[in-house]
Amino acid sequence: MRTLRALVAAALLCLVPVLPAHADDGSGGSTGGSTTGFTYDFEDGTTQGWGPRGDGVSVTVTADAAHGGTSGLLTTGRTATWHGASIAAPFVRGTGYTVTAYARLVTGQPAGTLALTVQRTPAGGETTYERVAAATVTDGAWVRLSGSYQFTAESTDVLLYAESSDATTEFSLDDIVITPLGDPTREPVTSDFEDGTAQGWAPRAAAVLESSADAAHAGGRALAVSGRSASWDGPALNVLGRMAKGDKYALSVWVRLGPDTPSGRLGLSVERRSGDTPSYERIASPKDVPAGEWVQLSGTYTLAYDVDFLSLYVESDSGTFPFYLDDFSMTYVQPKPIQTDIPALKDEVPFVMGSAISRPDTLGVHGELLARHFNGVTPGNALKWDATEPSEGEFDFTDGDYLVDFATRHGMTIRGHTLAWHSQTPDWVFAGADKETLLKRLETHVRTLVSRYKGKIAVWDVVNEVVDENQPDGLRRSPWYEIAGLDFIRTAFRVAHEADPDAKLFINDYNTEFPRKREALYALVKRLKGEGVPIDGVGHQLHLNIEQPPASAVEATIERFASLGVEQQVTELDVSIYTDFVSSYDAIPPELLVEQGHRYKELFDVFRRQAAELSSVTVWGESDDVSWLQSWPITRLNAPLLFDDELQAKPAYWGVVDPSRLAPPVRRLEAPAGTPRVDGGRDLQWDLLPDAPIARVGDVSAGFQARSSAKGLYLLAEVTDPTAGREDRVTFTVDGTRHVVTRHGGHKAAARRTRTGYRVEALVPAGKDVTVTVHDTTGEATWTGEITPVAAVKLTSAARRAPVLDGVVDRAWSAAPEIRTATWLQGTSGATAKVRSLWSGSTLYVLAQVADPVLSEESPNAWEQDSVEIFVDPDNGKTKGYGDDDGQYRVGFTGRITVGGTFDAAGVKDNVRAVAKQVPGGYVVEAAIDLPTVTLRPGTLLGFDVQVNDATGAARTSAVTWNDVTDRAYLDTSHWGVLRLAR
Ligand code: XIL
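Quick caveat, the model's predicted, so the values are computed rather than measured. (Residues numbered from 1 in each chain as written. Predicted model: local features only at pLDDT ≥ 70, side-chain atom pairs only at ≥ 80, totals over all residues. Heavy atoms only, no water.)

Draft legend 1. Summary view of the overall build of the protein. The helix and strand inventory of the protein stands at 13 helices and 54 strands. The C-alpha atoms of the protein give a radius of gyration of 32 Å, which matches the 30 Å a tight globule of 983 residues would have. With the C-alpha coordinates of the protein rotated into their principal frame, the extents come out at 90 × 70 × 65 Å. Here the protein holds 983 residues, and the buried ones make up 55% of them. By sequence separation, contacts in the protein at least 24 residues apart represent 72% of the contacts at least 6 residues apart. Treating the 91 positive side-chain charges of the protein as one cloud and the 129 negative ones as another, the clouds have centres 8 Å apart. (Helix = DSSP H or I, 4+ residues; strand = E, 2+ residues; numbered from the N terminus. Rg over C-alpha atoms; globule rule 2.2 N^0.38 Å. Buried < 20%, exposed > 50% of the residue type's maximum accessible area, 1.4 Å probe, protein only. Contact = heavy atoms within 4.5 Å. Lys, Arg positive; Asp, Glu negative; His and termini not counted. Charge placed at Lys NZ, Arg CZ, Asp CG, Glu CD.)

Draft legend 2. Spotlight on the sheet that holds strand E33 (residues 692-697). What the 5 strands build is an open sheet, ordered E33-E34-E35-E39-E38; its pairing is antiparallel. Each of the sheet's edge strands pairs with one partner strand only, and the pair in question is E33 and strand E38 (749-753). Put simply, the sheet's adjacent strands are angled 15° from each other on average, direction ignored. Pairing of strand E34 (residues 700-709) with strand E35 (residues 712-720), which is carried by 9 bridges, proceeds in the antiparallel orientation. The partner of glycine 703 across the bridge, within E35, is glutamate 718. (Pairing = 2+ DSSP bridges. Axes fitted to C-alpha atoms, helices over the stretch in contact; angles between N-to-C directions.)

Draft legend 3. Molecular detail of the nonpolar core. The biggest cluster of nonpolar side chains holds 96 residues, and the ones touching the most others in it are Trp460, Phe488, Leu573 and Phe607. A per-element tally of this core places helix H8 (residues 487-499) first, with 7 residues. (Core = buried A, V, L, I, M, F, W, Y, C linked by side-chain atoms within 4.5 Å.)

Draft legend 4. Region of the structure containing the site of the ligand. The full set close to the ligand counts 13 residues, and Asn381, Lys384, His417, Glu572 and Trp620 are the nearest of them. Between the ligand and histidine 417 there is a distance of 2.6 Å, counted from an oxygen atom to a side-chain nitrogen or oxygen. A distance of 2.9 Å separates an oxygen atom of the ligand from a polar atom in the side chain of asparagine 464. Burial of the ligand by the protein amounts to 86% of the accessible area it has alone, namely 410 Å². Its residues placed into classes, the shell around the ligand shows 3 nonpolar, 6 polar and 4 charged. (Near = heavy atom within 4 Å. Polar contact = N/O pair within 3.5 Å; in protein donor to acceptor, adjacent residues only side chain to side chain. Areas by Shrake-Rupley, 256 points an atom, 1.4 Å probe, with all protein chains shown as cover. Nonpolar A, V, L, I, M, F, W, Y, C, P; charged D, E, K, R; others polar.)

Draft legend 5. Inspection of the pattern of salt bridges at higher detail. Under the defined criterion, the tally for this structure stands at 47 salt bridges. Residues aspartate 405 and arginine 409 are paired through a salt bridge, measuring 3.3 Å at the closest nitrogen-oxygen approach. With aspartate 405 and arginine 409 both in helix H5 (residues 398-409) and 4 residues apart, this pair spans about one turn of that helix. Among the residues examined, aspartate 405 registers a relative accessible area of 38% and is labelled partly exposed. Taking relative accessible area as the criterion, arginine 409 reaches 55% and is therefore assigned exposed. For glutamate 555, the salt bridge identified is with arginine 609, shortest N-O distance 2.8 Å. Note that glutamate 555 is positioned in helix H10 (residues 551-562) and arginine 609 in helix H11 (residues 590-609), a separation of 54 residues in sequence. Owing to a relative accessible area of 6%, glutamate 555 belongs among the buried residues under this scheme. (Salt bridge = Lys/Arg side-chain N within 4 Å of Asp/Glu carboxyl O.)

Draft legend 6. Layout of unusual backbone geometry. Residue histidine 417 is joined to threonine 418 through a cis peptide bond whose omega torsion reads 0°. If you trace the backbone, threonine 418 turns up in strand E25 (residues 413-420). Residue proline 549 is reached from glutamine 548 by a cis peptide bond, and omega for that bond is -20°. With respect to the helices, strands and loops of the structure, proline 549 is situated in the loop between strand E29 (543-545) and H10. Phi is positive for asparagine 511, which is not a glycine, with a value near 60°. Here asparagine 511 is to be found in the loop between strand E27 (504-509) and helix H9 (515-531). Positive phi is not limited to glycine here, since leucine 647 has a value of about 70°. When its relative accessible area of 2% is taken as the criterion, leucine 647 is described as buried.

Draft legend 7. Layout of the sheet that holds strand E21 (residues 309-316). Reading across the sheet, the 5 strands line up as E13-E16-E21-E18-E19 and stay open at both edges, with antiparallel pairing between neighbours. For this open sheet the edge positions go to strand E13 (201-203) and strand E19 (277-288), each flanked by a neighbour on one side alone. Between one strand and the next, the sheet's axes are offset by a mean angle of 25°, whatever the strand orientation. Relative to E21, strand E16 (residues 235-238) runs antiparallel, the two being bridged by 3 bridges. Bridge assignment links asparagine 238 to a residue of E21, and that residue is serine 311.

Draft legend 8. Just H10, in detail. If you check H10, its first and last C-alpha atoms are 17 Å apart, about what 12 residues at 1.5 Å a residue would give, namely 16 Å. Within H10, the full set of buried residues consists of Ala551, Ala553, Val554, Glu555, Thr557, Ile558 and Phe561. Next to the buried residues of H10 lie H9, strand E28 (537-540), strand E30 (567-576), H11, strand E31 (614-619) and E33. (Expected span 1.5 Å × (residues − 1).)

Draft legend 9. The packing of H10 against H11, seen in detail. H11 packs onto H10 with a crossing angle of 20° between their chain directions and a minimal axis gap of 9 Å. As far as their axial angle goes, H11 and H10 are roughly parallel. For H10 against H11, the interelement crossing comes out right-handed. On H11, the residues that touch Ala551, Val554, Glu555 and Ile558 of H10 are Arg599, Glu602, Leu603, Val606, Phe607 and Arg609. (Parallel < 35°, antiparallel > 145°, perpendicular 65-115°, else oblique. Left-handed = near helix turned anticlockwise from the far one by under 90°.)

Draft legend 10. Summary view of helix H3 (residues 364-373). For H3, the complete set of buried residues consists of Val365, His366, Gly367, Leu369, Leu370 and His373. As for H3, its buried residues are in contact with helix H2 (345-348), strand E23 (352-357), H5 and helix H12 (651-657).

Draft legend 11. Examining the pairing of E34 more closely. Most of E34 sits out of view: 9 of its 10 residues are buried. When E33 meets E34, the two strands line up antiparallel, connected through 4 bridges. Across the sheet, valine 697 pairs through a bridge with valine 700, a residue of E34. Between E33 and the antiparallel strand that follows it, E34, lie 2 residues; glycine 698 among them carries a positive phi value of about 60°.

Draft legend 12. The confidence of the model for the protein, seen in detail. Model confidence for the protein is summarised by a mean pLDDT of 93, while 96% of its residues fall at 70 or above. Confidence drops under a pLDDT of 50 for residues 1-36, and excluding neighbours within four residues, the segment shows 86 contacts in the predicted structure. (pLDDT = per-residue confidence, 0-100.)

Draft legend 13. Structural context of the packing of aromatic side chains. A full pass over the atoms with the stated rule returns 27 aromatic pairs. Relative to tryptophan 976, the ring of phenylalanine 871 lies with its centre 5.2 Å away and its plane at 50°, an arrangement referred to as tilted. Of this pair, phenylalanine 871 sits in strand E47 (residues 867-873) while tryptophan 976 sits in the loop between strand E53 (955-961) and strand E54 (977-981), placing them 105 residues apart in sequence. The same class applies to phenylalanine 871 as to tryptophan 976, namely buried. Joined through ring pairs, the aromatic side chains of Phe38, Phe91, Tyr97, Tyr149 and Phe151 make up one cluster. Geometry around tyrosine 332 places arginine 186 over its ring, the cationic atom sitting 3.8 Å from the centre. The ring of tyrosine 510 carries lysine 517 above its face, with NZ or CZ at 3.7 Å from the centroid. (Phe/Tyr/Trp six-rings, centres within 6.5 Å; stacked < 30°, edge-to-face > 60°. Lys NZ or Arg CZ within 6 Å of the ring centre and 35° of its normal.)

Below you can see the structure in the form of structure tokens.
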């Protein structure tokens, strides 16, 4: 979570009213699902640890009877009164608990007494049975059982079980909640405002709060909030004393916009103070609250500081509109113990195994997990400029010192991150600065930090993210660069070296595995080293995703920099489960986590092979619950790391430690229709798509593809295998039948030598389940998955001419073939376009003649206006998400241009010029798209598609493309067609 510095100044100006020491009226039942406290609700479809007690008894989760939600626990097969359902009880000696549960008999069963009982064996004594709660239960309604329990003697085999006075009664249980007593930090805090009071909520400044019957999320009342004086003014609840340091709490509150408020964004935050210094953290980032709807704000919070003020509050991201708040709850999250029967990561890898950390990560089970698995750390935020020098000359090392001390005590090496960066740097640093002033500020900052941790911090990321491969000189246009040019890098390294000559000084960046960025960084490091700038190493952040880029690209980068003689480290590894910047899952498909496990395996295969070049590999967070990708680039469920939200080892962990424990991956590949010649040559149609990577094992790796036809399945493998040997072969197994192709070819197959190995092609009977195995004496690289036949990838061409860009169809266009949009995504008729393309120099020209008699740009959304979208992928990478160079260029019928790309389209947004002209029956678009990242030549293949949006009034009524059938062209480049540049 991120400190909201921007709010500090604002909030300091206001006087926060002093709240009562404890939130009153706060207690009530635990509200959460199975992860909050000890709640067993069976909603996840499992018995959540409950099992049968007695021979022949069966305990299952069923949807036939549920108290809350849709599932309950059914017990059948009983033949004795003590038979029933039981669980290893979570009771801790010396702590008191309340236990509540709901029970009901299966229809037709006679009423009887149902009891919850504890069985335990005190040390050296007899097993005892203690009644916790009992009630008469019928088949007519759910009955609440409730009681309390505590034991004091050291005991083993502590079980909680449900039994019945009738030996054979079949019964259901649900919503069993066990709450520790007496410790206010363990008890839930809830507010429902049903008693007509504000239940301890108080305004932060001038806001007026009252329990109101005008709206309610549940029950009849909510808290009405009005008269707010600022976005941060609103209802706050004092929770000092209700959270314990190092513990995690789940928070949830419902909000709704007040009267006459059409729109607004609300979020849940926490204010904490130690002494006079307030800090603000977000629990749930502000999100849209549509008028008239209740929206839940939820998140977890771990208190990581000693505090003398602690308050939760709801705020807007702007505006002072009124709102309602209801059904607040805060519950302690009982941590799962960390696994102690699995190998420590740091013992399994031949380099330092690091993790990014923040203060909460060092406490409780998080601290235990860190200490067990990692021998390196990087403070994720604590050493950045905004944290260490928020205003000029006023340094704050509270968190930095704490984390450095923690790491030192645990014998972990520390990466200092980061001295000069364009992000998380306070405005004052650049304000009014000429070059001299800026470099002076930099010098003071670098000297102060590096000197303070001299001898303690082994490695510094001296500069971070200074490369921009889309600039002609490869350098990011940050304020640093704009004001001081390359001298800011030179100064930062010089001063860092003076302050601690033994520290290793790194230049750190992301996307270094992509060839263009790799080369831009390479050139910069080479140049600076040549000048004598003391650069010791290059840090590869490696923020990757589940698809991209292949492990082979990472390996190529490490090999490239090895030739420069620099040390290398992987500094911020994570593997997002998303390939784009907008999708989000409600629940993560388990097979995706298995796939991620294989992805981690392939990456760590690379790291182990390259261990001589890599001194450490750092993951950007110890467990999924603390990953920055939960809130970047948008708030969504993500799981990019090795341990899950509950700190348990994921398939990703096993991918690193013992891949034999991974389930086989479920890979998928499309086989477009096609009939390439089986002669060992690479026909143009193979080039329409990239080869699916088969990651290296030993010395062999490969790429492969498939085409479907009535004759069967065509398969291609491009094998990288530097030494020819007798064992060399590719085996294609299709629906169980093996087809072997050696370097000499085979039945209905051909092979040919290539620069890096050999190529095989084969025609085999059609099938779905395919395994490709590439074999030599050093190893066996394989791909296993399912092949689906799809329509052929469309191919067109661009003639080499430049048109005049004026909306008039001049003669030059007639040199190019015409294609038509006829793949309907929405509707089956409507506006369509005839499209032609030309190219010249580094520019692609596209003409779209649109038939669309009725034109509208009424919708506020550009894609719902009459418009043409041109999709261009300069390297025809066919990646699932957009790369920096991929663009969606939209031109409306009035000539309005909008551009889509990676989340801010930074790399492409200035690439397009266009003219639109209305003509009888429609409009004409002429667009010129510059492609500065590639060298265009005859034969170049571009990923290419065209979409026409047809609007009627403010709505889009049809959409049609040339090739892409998925309606995801704006997110995913993999189904675009191909444009070939002609001579
Ligand atoms: C991230 C932190 O993890 C977040 O907590 C913070 O809000 C933003 O920065 N590249 C870097 C890291 O070099 O410093 C960034 O860390 C992630 C991207």
